[in-house]
Amino acid sequence: MPRPFEARVNRTERLLDLIASLLNAGRPVAFEEIRAWFPDDYGEPGDESARRKFERDKADLLQLGIPLRYVEPVDDLGEEGPGGYVIDREQFYLPEMRLQPEENAVLYLAGLSLLDQPSFPYREALEMALRKMELRTSGPRPVAEAALLGGRVLIDHAAGDSGDVAERLRGLEDALARRKRVTFRYEARYSGIEAERVVEPYGLFCRQGHWALVGHSRERDAVRVFLVHRMRQVTVNAASPSTADFEVPSGFRVRDYADVPAWRYDLGEPVEVVLEVRDDFAWLAEAELRSEGVPGEGGWRRFTVEATNPEALLAWTLGLGAKARIVGPAELRSRMKAQLSAMLSRAEAS
Amino acid sequence: MDATGRLERLLLLLSYVRQHPGAHLDDVARAVGVNARELKRMIPELSLCGKPPFSPDDLIDIFIDRDGRVHVEYDQSLGRPMRFTRPESLALTVALRTLAGSGAGPWAEAAGAVLERMRAVLGAEAVAEVEQRFAVEAERPEAVQDKFRVLSEGLSQSRTVEVVYYTASRDELLRRQVDPYAVVQFLGSWYVVGHDHLRGEVRIFKVERIREATLTDARFARPADFDARHHLPGRALGAAETARIRFRPDVARLVAEEHPPARVVPEADGSIVLELDFAHAEWVAGWVLPFGDAAEVLEPASVRALVAARCREALAHYENGSLS
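Residues numbered from 1 in each chain as written. Chains lettered and ligands numbered in written order. Predicted model: local features only at pLDDT ≥ 70, side-chain atom pairs only at ≥ 80, totals over all residues. Heavy atoms only, no water.

Participant: When you look at the layout of surface pockets in this model, what are you seeing that I'm missing?
Facilitator: The rolling of a water-molecule-sized probe over the atoms marks out the regions of remaining empty space. Size it by volume and the second largest pocket reaches roughly 1,100 Å³. Gln-63 and Ala-125 of chain A together with Thr-85, Pro-87 and Glu-88 of chain B are the residues nearest the centre of the second largest pocket, which is lined by 34 residues in total. Broken down by secondary-structure element, the contributors of at least two residues to the lining of the second largest pocket are helix H4 (48-63), helix H7 (123-136) and helix H9 (163-178) of chain A together with helix H1 (3-19), helix H4 (86-100) and helix H5 (105-122) of chain B. The class makeup of the residues in the lining of the second largest pocket is 14 nonpolar, eight polar and 12 charged. (1 Å grid on protein atoms, 1.4 Å probe; cavity = no way out; pocket = protein on both sides within 12 Å on 5 of 7 lines; lining within 4 Å. Points joined across faces, edges and corners; volume = space filled by probe spheres on them. Helix = DSSP H or I, 4+ residues; strand = E, 2+ residues; numbered from the N terminus. Nonpolar A, V, L, I, M, F, W, Y, C, P; charged D, E, K, R; others polar.)

So this is what it looks like as structure tokens:
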């Protein structure tokens with residue numbers, strides 16, 4: 001029996017009807033029957049454009065994660081049955097989660113902190129997920145729990161990036177999910193040279209409030225990191241939107257790139273740098289240099305690191321003043337000395 | 001909002017009212033994340049939907065009564081939340097994964113446990129996907145987790161903690177007693193906010209710069225009006241002076257993008273002058289030094305002198321014969 005109303009108001013209602021109908025049917029429903037339910041929408045037999053409308057609706061429901069599937073009239077065991085569309089009730093609902101109050105609080109602490117970050121590309125989805133969770137957890141109200149804990153633990157992933165980065169991130173995230181190539185103009189951080197880059201996006205990370213894209217750069221034929229706020233004119237490859245342009249290498253992990261110290265940025269051939277830090281500050285250096293070092297002479301601890309961007313080690317050592325010094329290579333050591341002399345004579349000039 | 005986004009909102013509304021029958025429409029609107037006017041439009045929209053044969057009993061029956069309370073009579077099996085969509089799973093996984101990897105003692109462990117318990121609901125695929133291509137803040141738990149064990153106990157038991165702390169802004173390493181009021185993660189770094197017995201006021205300490213932390217038996221009471229939000233790092237508390245620092249054109253853009261809160265004045269030759277409010281000259285010197293001769297402190301004289309002193313001390317290491 002068709003729906004006894006005037007032509008419906010909008011697409012949302014049609015989708016809702018479709019879900020309610022299939023969820024309650026309790027059996028596979030052939031397309032012909034669905035068509036009979038919604039003649040205004042899915043048209044007469046043989047109407048191909050109406051059929052495409054149904055296909056689009058189906059795609060939207062699948063996109064939403066609704067377990068809609070087609071059951072063949074003959075199953076794997078050769079048994080004959082009615083073929084058609086079903087929505088699995090078992091799979092449809094969010095199961096109840098029996099989280100402890102502390103677990104609930106931690107979940108909200110984690111969630112709310114990202115919700116406050118304006119450039120997080122999945123903010124709306126996160127909001128919806130937390131609202132759903134609230135309906136599926138028993139026990140005390142989770143928000144109240146979070147407030148209880150929130151007074152003592154506060155997370156602020158404060159965005160260092162400006163507003164237009166959020167929009168750019170959405171585009172990049174979409175390219176990432178569909179594995180489409182992106183093209184943008186980029187000014188390299190250290191050289192300052194601007195050029196067009198064609199990149200296969202593999203992952204995104206946020207470090208100290210700044211978002212970065214990790215991907216395979218066609219120009220360099222290697223995996224590189226790009227700061228999103230430095231990108232301009234970002235475009236996503238529009239050709240064959242539903243076909244992936246590339247595969248992400250198995251074993252790729254974005255964290256391996258998020259956690260790279262500046263002196264390991266891939267900017268040249270590796271150089272072995274030896275530096276020393278005063279014993280009483282060596283504990284601070286260990287975290288930065290990712291090594292425990294070895295005892296040196298006269299109250300110093302000696303660190304040997306492979307640097308592909310020794311410039312960054314120079315800067316770091318400068319920042320420690322007299323608490324650190326570069327031992328080698330001689331070239332870096334003499335540059336350090338030259339820098340300090342230049343800075344000193346300028347600071348002393350009146 | 002597109003058709004599917006709207007659909008999700010409508011289903012959330014139905015689930016909420018199913019679970020909170022007779023809830024006031026203001027509360028319903030808040031829980032669904034819309035305003036009351038939108039809610040009043042959504043309810044008749046829901047009431048038009050249902051299943052074949054679309055007789056009155058086959059439609060969703062939801063209404064607002066005279067007192068502004070919302071009721072649902074028939075939900076047509078749609079009154080329970082749907083499974084997470086792919087973006088929802090990804091978002092929750094990123095959130096939990098971030099906290100789990102932050103090294104924040106018991107809270108990080110709890111976040112990891114929740115992630116584990118929710119794995120089936122989130123979908124193994126989403127978890128794997130996040131693992132591969134999403135990270136918020138780098139994971140350096142080893143730098144903080146030992147200290148967190150002590151700090152979290154101090155926090156939950158209201159016990160004073162003794163720390164050996166390196167203060168960059170004064171360049172000093174001191175032992176002090178701190179009453180931990182809160183821990184704060186800001187821009188990827190953890191801090192503890194608390195009453196500092198040494199200075200007699202609330203101070204903020206970066207956990208990475210704590211060399212040692214031990215729990216004492218002394219108890220404290222956290223002030224009832226304490227709010228960690230008022231003590232976020234990066235505020236130049238007590239900033240009394242302004243430094244002017246010039247940066248060479250080749251580093252100007254980098255500095256302009258990533259400097260601490262300050263005013264930026266562009267110069268004709270492409271260089272920039274940064275006007276930075278500060279409380280401690282040591283902090284300014286420590287911040288400027290890594291730029292080497294690409295930066296020059298113009299004012300005040302006290303900071304210029306400090307930079308000169310630091311350079312002179314460091315330079316001594318490079319004079320002939322000073323290094324074996």
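Participant: Honestly, the interface of chain B and chain A in this entry has me stumped. Any pointers?
Facilitator: The figure often quoted for interface size is the accessible area lost as the parts come together. At the interface, 112 residues of chain B touch 126 residues of chain A. Both sides together, the interface formed by chain B and chain A hides about 11,200 Å², and carbon and sulfur atoms give 62% of it. Residue Glu-127 of chain A is joined to Arg-9 of chain B by a salt bridge in which the shortest nitrogen-to-oxygen separation is 3.0 Å. At the boundary of chain B and chain A, one finds 28 residue pairs in polar contact (both at pLDDT 80 or more). In terms of residue class, the side of chain B that touches chain A is built from 62 nonpolar, 17 polar and 33 charged. Note that strand E5 (residues 194-207) of chain A and strand E4 (residues 134-136) of chain B share three bridges and pair parallel. Residue Leu-204 of chain A lies in a different strand from E4 of chain B, and its bridge partner there is Phe-134 of chain B. (Contact = heavy atoms within 4.5 Å. Buried area = accessible area lost by both parts, 1.4 Å probe. Salt bridge = Lys/Arg side-chain N within 4 Å of Asp/Glu carboxyl O. Polar contact = N/O pair within 3.5 Å; in protein donor to acceptor, adjacent residues only side chain to side chain. Pairing = 2+ DSSP bridges.)

Participant: Explain the packing of aromatic side chains to me, please; I cannot follow it from the model alone.
Facilitator: Each aromatic ring pair is described using two quantities: the centre-to-centre distance and the angle formed by the ring planes. Scanning all chains against the criterion turns up 26 aromatic pairs over all chains. Considering the side-chain rings of Phe-31 of chain A and Tyr-42 of chain A, the 6.4 Å spacing of their centres and the 50° angle between planes classify their relative orientation as tilted. Of this pair, Phe-31 of chain A sits in helix H2 (residues 31-37) while Tyr-42 of chain A is found in helix H3 (residues 39-42), placing the two residues 11 residues apart along the sequence. When its relative accessible area of 0% is taken as the criterion, Tyr-42 of chain A is described as buried. When the ring of Tyr-70 of chain A is compared with that of Tyr-85 of chain A, the centres are 5.0 Å apart and the planes differ by 65°; the resulting orientation is edge-to-face. Of this pair, Tyr-70 of chain A sits in strand E1 (residues 68-71) while Tyr-85 of chain A is found in strand E2 (residues 84-87), placing the two residues 15 residues apart along the sequence. By the ring-pair criterion, three or more aromatic residues cluster together here, those being Phe-31, Trp-37, Phe-38, Tyr-42, Phe-54, Tyr-70 and Tyr-85 of chain A together with Phe-54 of chain B. Sitting over the ring of Phe-31 of chain A, Arg-51 of chain A keeps its end group 4.1 Å from the ring centre. Lying across the ring of Trp-300 of chain A, Arg-325 of chain A places its NZ or CZ 3.9 Å from the centre. (Phe/Tyr/Trp six-rings, centres within 6.5 Å; stacked < 30°, edge-to-face > 60°. Buried < 20%, exposed > 50% of the residue type's maximum accessible area, 1.4 Å probe, protein only. Lys NZ or Arg CZ within 6 Å of the ring centre and 35° of its normal.)

Participant: What am I meant to see in the sheet that holds strand E2 (residues 61-64) of chain B here?
Facilitator: Backbone hydrogen bonds hold the strands of a sheet together, and the pairing may be parallel or antiparallel. Residues and elements named next belong to chain B. What the three strands build is an open sheet, ordered E1-E3-E2; its pairing is antiparallel. Both edges of this open sheet fall to strand E1 (23-24) and E2, since each of them pairs with a single strand only. Bridge analysis of E2 against strand E3 (residues 69-74) gives four bridges, and the strand direction is antiparallel. When the bridges of E3 are listed, Ile-64 appears paired with Val-70. Across the sheet, H1 lies against E1, E2 and E3, angled at about 95° from E3, the strand it touches most. (Axes fitted to C-alpha atoms, helices over the stretch in contact; angles between N-to-C directions.)

Participant: I keep staring at the side chain of Lys-147 of chain B and nothing clicks. Help me out?
Facilitator: Residue and element names in this part refer to chain B. Mapping Lys-147 onto the fold places it in helix H7 (residues 145-157). The buried charged residue Lys-147 lacks any salt bridge, with Asp-146 as its nearest oppositely charged partner at 7.3 Å. Non-local contacts of Lys-147, meaning those with residues more than four positions away in its chain, are made with Val-207, Glu-208, Ile-210 and Arg-211. (Lys, Arg positive; Asp, Glu negative; His and termini not counted.)

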